[in-house]
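Each chain, written out:
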Amino acid sequence: MIRLSEINIYPVKSLAGISLQQGQLDEFGLAGDRRWMVVKPNGHFITQRTRAQMALIQPSLDDNGLRLQHPELGECCVPPATVDSKRIEVKVWDDLVEALHIDHEVDNWLSRAVGEACHLVWFPSDALRQCDLSYAQQGDRVGFADGFPLLLISAASLDDLNQRLAEPVPMKRFRPNLVVSGCDAFAEDTWREIQIGDSGFRVVKPCSRCVITTVDPETGKRTGAEPLMTLSRYRKEGSKVMFGQNLVHDDRGLLTIGDSLEVIF
């Protein structure tokens with residue numbers, strides 16, 4: 001029996017994640033996942049690829065909204081975006097999106113935490129960022145995630161990798177939304193359509209991995225070439241290293257730890 005063993009969201013792109021017992025699917029993926037993003041003054045997104053210390057900023061969500069915690073700077077309470085929030089154009093990879101600027105006080109706090117001048121922006125519900133039509137369907141939307149609403153990895157795939165590494169790495173390095181247990185390593189590579197609980201998903205594209213996997217999420221520092229070097233020996237397709245599968249959801253159900261996963265085909 002294949003079951004859902006982890007649910008994770010990353011409210012602010014490239015900051016630390018939050019583990020959940022339940023996750024509600026909305027139009028962009030898991031509710032609250034990558035609806036905020038850190039951008040340069042010119043609107044270009046900033047991630048751990050260039051600012052590994054972003055891993056140390058821990059978000060939390062409660063009835064009062066988003067809070068950010070930093071080991072040296074303490075807490076920053078982020079006010080919600082409103083209809084009066086300024087709209088600015090931001091860039092995520094090759095996509096240009098109209099986002100809502102949050103607050104200059106938040107910008108000042110984040111600039112110190114990130115190490116360069118930046119703004120925090122919110123992805124509004126009326127914004128449209130189409131998933132790559134080479135893999136997805138017209139109308140499949142994504143927020144500030146790299147390209148698709150959800151990322152799934154099996155626990156067995158990480159176990160397989162860790163058996164090859166001198167020092168094992170945690171699943172956190174790969175920032176999945178969904179982790180499943182009870183299948184063989186890399187079984188997810190063979191799936192095309194699955195159901196978790198009452199919700200259906202299309203498995204649309206392997207996830208190519210970058211240097212963020214070499215950042216220790218506990219220290220916010222790079223650890224060297226691993227695990228990318230080892231993965232490149234047996235998970236390389238062309239010039240890219242693949243680990244995990246991108247999903248597009250067809251339903252807006254509730255996911256709960258322990259839900260069964262059925263492979264449709």
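Refer to the structure presented above.
Residues numbered from 1 in each chain as written. Predicted model: local features only at pLDDT ≥ 70, side-chain atom pairs only at ≥ 80, totals over all residues. Heavy atoms only, no water.

K.L.:
Please provide a residue-by-residue account of the pairing of strand β9 (residues 87-92), values included.
P.N.:
Taking every second residue as pointing to the same face, the buried face of β9 carries Ile88, Val90 and Val92, while none of Arg87, Glu89 and Lys91 on the other face is buried. Alignment of β9 against strand β10 (residues 95-101), held across six bridges, turns out to be antiparallel. Among the inter-strand pairings, arginine 87 is bridged to a residue of β10, identified as leucine 100. Taking the residues that link successive antiparallel strands as the turn, the β9-β10 hairpin has two residues, and the phi of tryptophan 93 there is positive, at about 55°. (Buried < 20%, exposed > 50% of the residue type's maximum accessible area, 1.4 Å probe, protein only. Helix = DSSP H or I, 4+ residues; strand = E, 2+ residues; numbered from the N terminus. Pairing = 2+ DSSP bridges.)

K.L.:
Summarise the side chain of histidine 249; cite the residues concerned and give the values.
P.N.:
Checked against the element boundaries, histidine 249 lands in strand β19 (residues 240-249). Polar contacts involving the side chain of histidine 249 include one to the main-chain carbonyl oxygen of aspartate 26, which spans 2.6 Å. For histidine 249, the residues in contact, after removing those within four places along its chain, are Leu25, Asp26, Glu27, Phe28, Gly29, Pro149, Leu150, Gly200, Phe201 and Arg202. (Polar contact = N/O pair within 3.5 Å; in protein donor to acceptor, adjacent residues only side chain to side chain. Contact = heavy atoms within 4.5 Å.)

K.L.:
Please set out the sheet that holds strand β4 (residues 29-30) residue by residue, giving values where relevant.
P.N.:
Taken in spatial order, the three strands make up an open sheet running β4-β3-β20, and their pairing is antiparallel. Only two strands of the sheet have a single partner each, and these edge strands are β4 and β20 (254-256). Relative to β20, strand β3 (residues 22-26) runs antiparallel, the two being bridged by three bridges. Counted as the bridge partner of glycine 23 is leucine 255 from β20.

K.L.:
Lay out the packing of aromatic side chains with the relevant residues and their values.
P.N.:
Counted according to the given criterion, the structure contains eight aromatic pairs. Ring geometry for phenylalanine 123 versus phenylalanine 144: centroids 5.0 Å apart, planes at 85°, classification edge-to-face. Residue phenylalanine 123 is found in the loop between β11 (119-122) and β12 (150-154), and its partner phenylalanine 144 is found in the loop between β11 and β12; the two are separated by 21 residues along the sequence. Assessed through its relative accessible area of 0%, phenylalanine 144 is described here as buried. Ring pairing ties together the aromatic residues Phe174, Phe186, Tyr234 and Phe243, which thus form one cluster. Stacked on the ring of tyrosine 234, the Lys or Arg arginine 164 has its end atom at 3.6 Å from the ring centre. (Phe/Tyr/Trp six-rings, centres within 6.5 Å; stacked < 30°, edge-to-face > 60°. Lys NZ or Arg CZ within 6 Å of the ring centre and 35° of its normal.)

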